[in-house]
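A structural walkthrough
What follows is each chain in one-letter form.
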Amino acid sequence: MTPYIVLSAVLFVIGATTVLVRRGAIVAFMGIELMLNAANLAFVAFARQNGDLNGQVIAFFVMVVAAAEVVVGLAIIVSLFRARRTVSVDDENLLRH
Amino acid sequence: MIAPAVAWSMIAPIVIVLGAGVVSVLVEAFVPAKARRIVQLMLAVTAIAGAGIWAMVLAVSRAGTGESAFAGHLLIDPLALFVQVAVAASALVAVFVIADRTADGEDAFTPQAAAAPGSAAEDKARAAGLVQTEVFPLVLFATGGMLAFPAAGDLLTMFVALEVVSLPLYLLTGLARRRRLLSQEASFKYFILGAFASAFFLFGTAWVYGAAGTVNFTDLIYEVTGGDPRLDPLLYAGLAMVVVGLAFKVGAAPFHMWTPDVYQGAPTPVTGFMAACTKIAAFGALVRIVYTVVAPLQWDIGPALWTVTILTMIVGTTVALTQTDVVRMLAYSAIAHAGFVLTGVVSFSSLGISGALFYLFTYGLTTVGAFGVVTLVRARDAQGNIGGEARTLERWRGLGRTSPVLASAMTLFVLAFAGIPLTGGFVGKFAVFAAAFGADAAPLAIVGIACSAVAAFAYVRLIVAMFFAEPTELSAVGVKTEGLTGVAIAISAIATVVLGVWPTPVLDFADKAALLLP
């Protein structure tokens, strides 16, 4: 099972890096989804390794939560875009002091 | 397969508030626009007050015992009940501030969130007098999540509760009536950083599950104490990531970056709500994790927690000194307060828990009151028209002359933040620092006392501006409203004084709450 767990850690790091480095709001948002799905992969891999079904059930819960998060996140990004015609994170600087 | 038994009476506070949230969505759909606001307000107040009273009755009648209410997924123990009462009390007062309108019917929220700022659609919505009453269901859902958060019996329930708290708050942050671009930007920042922290929490949970084979706290304790945890870096790393996720929610340094921006951009009533209630609920969850799962590892994880605590106090205090915006000043002071509460949490003693819980109770009520005052202090243009909130310190000059009652209330609140005797803030600080001294965490208490002394300068600066400076033509004035904010400020002020003069009942309640189920 170790390869899957390593893969999930790699995906998590890629997702986290995307959030921290990339400038587009949508891409940063994709990074967060990647992090959540990396966690899902880890849950399922560990469930298999532990011989326990709970991890797979948890993955379903996480999918539902991630879907709700997409709804809220896209609503916020769309309203930002309508106001400014751009979703670059660099342009969001009204709050910088 | 047998369905698990559900102790409905134990989880009633959570069910009431979440159920009221669902009803509240239906109200949006079926009640005519004119009656909507008052129906929503009644529903929210009834549900939150009912949940708080129910939790209090449970806490009194079951006196120090707890019960697993949902096959181990929810633990209704004295800690959970205390936090639920504290959240309900602060949320109830915050709902008054959220619902209030000025004399000409303007609330703090945009008339139509879907209309782009500055567009024709927005002008039309404003002219039509639309009201975004969806605020109430969002507040109810967030409050429901906050009631479930400290009662979570496993890491999955805690994650779901965390998201139920956070998602409505991300939206509420973006709904300000004025400075909408700022508000939307704050909403976006909060969303990205909040989701980032949740992802850390979740990935940490995955590793804990991998190392221990369970996410249930009761079972985890056996794994942590029974096996040799030293051999399992996976468990350590997982727990550390879980704690990082929660530290973000309570606003502890170095995970505090979002706090000032979000507090500043969000509609001020929402800021008060989240500053008070999110902090109480997240600390309830943090106490549960730290005292059940992390406590056996305290000699290994302790130093990291100490560092976070000291850093939080110092960063919050020093940066608060340099702020010229009242809301940002309160935001950094909120970070410092998170550090003071952490002092109680990190001292690993039952006195530490009860001190931290009392601190949160009084801090929550005081905070809602302080932000309530900020909503009423408004800018005034040359013609004397009253506009948006005046938040710069410069504009608060002379408020003591023009609105003595508001200025006095604000003085009381910031004195409580500073920890002056005869306010609830003093008793709270005394409780956490005494617990730290008693539990070999004296360095934390010393840093905390030093930081409180330094932080007092920031608060004194505000008091001096209000009372010892002449008002200028730029100075802000208190605005007349329908009176709900006044009620909220009065409740907060009375609570702040009563908790300072006669803290015994709540202290006793907090002492009994320092008992965790698993």
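Conventions adopted
Residues numbered from 1 in each chain as written. Chains lettered and ligands numbered in written order. Predicted model: local features only at pLDDT ≥ 70, side-chain atom pairs only at ≥ 80, totals over all residues. Heavy atoms only, no water. Helix = DSSP H or I, 4+ residues; strand = E, 2+ residues; numbered from the N terminus. Rg over C-alpha atoms; globule rule 2.2 N^0.38 Å. Buried < 20%, exposed > 50% of the residue type's maximum accessible area, 1.4 Å probe, protein only. Contact = heavy atoms within 4.5 Å. Buried area = accessible area lost by both parts, 1.4 Å probe. Salt bridge = Lys/Arg side-chain N within 4 Å of Asp/Glu carboxyl O. Polar contact = N/O pair within 3.5 Å; in protein donor to acceptor, adjacent residues only side chain to side chain. Phe/Tyr/Trp six-rings, centres within 6.5 Å; stacked < 30°, edge-to-face > 60°. Pairing = 2+ DSSP bridges. Axes fitted to C-alpha atoms, helices over the stretch in contact; angles between N-to-C directions. Core = buried A, V, L, I, M, F, W, Y, C linked by side-chain atoms within 4.5 Å. Parallel < 35°, antiparallel > 145°, perpendicular 65-115°, else oblique. Nonpolar A, V, L, I, M, F, W, Y, C, P; charged D, E, K, R; others polar. Expected span 1.5 Å × (residues − 1). Patch = residues over 30% accessible without salt bridge, like charges linked within 9 Å, V, L, I, M, F, W, Y side chains within 5 Å. Areas by Shrake-Rupley, 256 points an atom, 1.4 Å probe, with all protein chains shown as cover.

**Remarks on the overall build of chain B**
Secondary structure assignment for chain B yields 20 helices and 5 strands. Computed over C-alpha atoms, the radius of gyration of chain B comes to 22 Å, within 12% of the 24 Å expected from 2.2 N^0.38 for 518 residues, which places it in the range of a compact globule. When its C-alpha atoms are laid out on the principal axes, chain B stretches across 75 × 55 × 40 Å. Looking at chain B as a whole, 63% of its 518 residues qualify as buried.

**A few points about the interface of chain B and chain A**
A common measure of how large an interface is: the accessible area buried when the components associate. Taken together, the contact between chain B and chain A spans 40 residues of the former and 43 residues of the latter. For the pairing of chain B and chain A, the buried interface totals around 3,600 Å² over both sides, and the portion due to carbon and sulfur atoms is 79%. Inspection of the region where chain B meets chain A yields 0 salt bridges. Run the count over chain B and chain A and you get 4 residue pairs in polar contact (both at pLDDT 80 or more).

**Examining the packing of aromatic side chains**
For the coordinates displayed, the defined rule picks out 20 aromatic pairs over all chains. Between Phe196(B) and Phe200(B), the aromatic rings sit 5.2 Å apart at their centres with planes inclined by 70 degrees, giving edge-to-face as the arrangement. With Phe196(B) and Phe200(B) both in helix α7 (residues 180–212) and 4 residues apart, the pair spans about one turn of that helix. Here the aromatic residues Phe29(A), Tyr170(B), Tyr190(B), Phe191(B), Phe248(B), Trp258(B), Tyr263(B) and Phe371(B) are joined through ring pairs into a cluster of three or more.

**A closer look at the sheet that holds strand β3 (residues 377–380) of chain B**
All names here are of chain B. Spatially, the 3 strands line up as an open sheet ordered β4-β3-β5, and their pairing is antiparallel. Taken across any chain shown, the strands that pair with only one partner, and hence form the sheet edges, are β4 (386–389) and β5 (477–478). Sheet analysis places β3 next to β4, joined by 2 bridges and oriented antiparallel. Bridged to Arg-378 within β4 is Glu-389. The sheet contacts of helix α14 (residues 350–376) involve β3, β4 and β5, and relative to β3 the element is tilted by about 20 degrees.

**Remarks on the pairing of β3(B)**
As paired strands, β3(B) and β5(B) are joined by 2 bridges and run antiparallel to one another. Across the sheet, residue Arg378(B) finds its bridge partner in β5(B), namely Val477(B).

**Structural notes on the nonpolar core**
It is characteristic of soluble globular proteins that their nonpolar side chains tend to be buried jointly. Residue and element names in this part refer to chain B. Of all hydrophobic cores here, the largest spans 213 residues; its most connected members are Phe-149, Phe-273, Trp-396 and Met-410. Examining the composition of this core, we find that 18 residues originate from one element, helix α11 (residues 268–294), more than from any other. With residues near it in sequence (within four places) discarded, Phe-149 still touches Met-158, Ala-161, Leu-162, Val-165, Leu-246, Ala-281, Ala-282 and Ala-285.

**So, the packing of helix α13 (residues 326–346) of chain B against α14(B)**
Packed helix pairs are characterised by how far apart their axes lie and by the angle those axes make with each other. All names here are of chain B. Orientation of α13 relative to α14, taken along the N-to-C sense of each, is 170 degrees, at an axis distance of 9 Å. Taken together, the axes of α13 and α14 are roughly antiparallel relative to one another. Seen from α13, the contacting residues are Val-326, Val-327, Leu-330, Ala-334, His-337, Phe-340, Val-341, Gly-344 and Val-345; seen from α14, they are Gly-352, Ile-353, Ala-356, Tyr-359, Leu-360, Tyr-363, Ala-370, Phe-371 and Val-374. Here the residues of the contact of α13 with α14 sort into 15 nonpolar, 3 polar and no charged.

**Observations concerning unusual backbone geometry**
All names here are of chain B. Here the amide bond leading from Ala-253 into Pro-254 is cis, since omega sits at 0 degrees, within 30 degrees of zero. Examined against the element boundaries, Pro-254 turns out to sit in the loop between α9 (233–250) and α10 (258–265). With a phi angle near 60 degrees, Asp-440 is a residue other than glycine that sits in the positive phi range. If you trace the backbone, Asp-440 turns up in the loop between α17 (424–438) and α18 (442–467). Look at Asp-440 and you get exposed, because its relative accessible area is 69%.

**Considering helix α3 (residues 78–99) of chain B**
In a regular helix each residue adds 1.5 Å, so 22 residues correspond to 32 Å; α3(B) covers 31 Å between its end C-alpha atoms and thus fits that length. Burial analysis of α3(B) places 20 of its 22 residues in the buried class, the great majority of the element.

**Digging into a nonpolar patch on the surface**
A surface patch of nonpolar side chains, about 610 Å² in accessible area, is lined by Leu422(B), Ile494(B), Val497(B), Val498(B), Val501(B) and Trp502(B). Secondary-structure assignment places Val501(B) in helix α19 (residues 484–501).

**Some points on α10(B)**
Residues and elements named next belong to chain B. Burial runs high along α10: 8 of the 8 residues are buried. Taken together, the buried positions of α10 are occupied by Trp-258, Thr-259, Pro-260, Asp-261, Val-262, Tyr-263, Gln-264 and Gly-265. Buried residues in α10 make contact with α6 (155–173), α7, α9, α11, α13 and α14.

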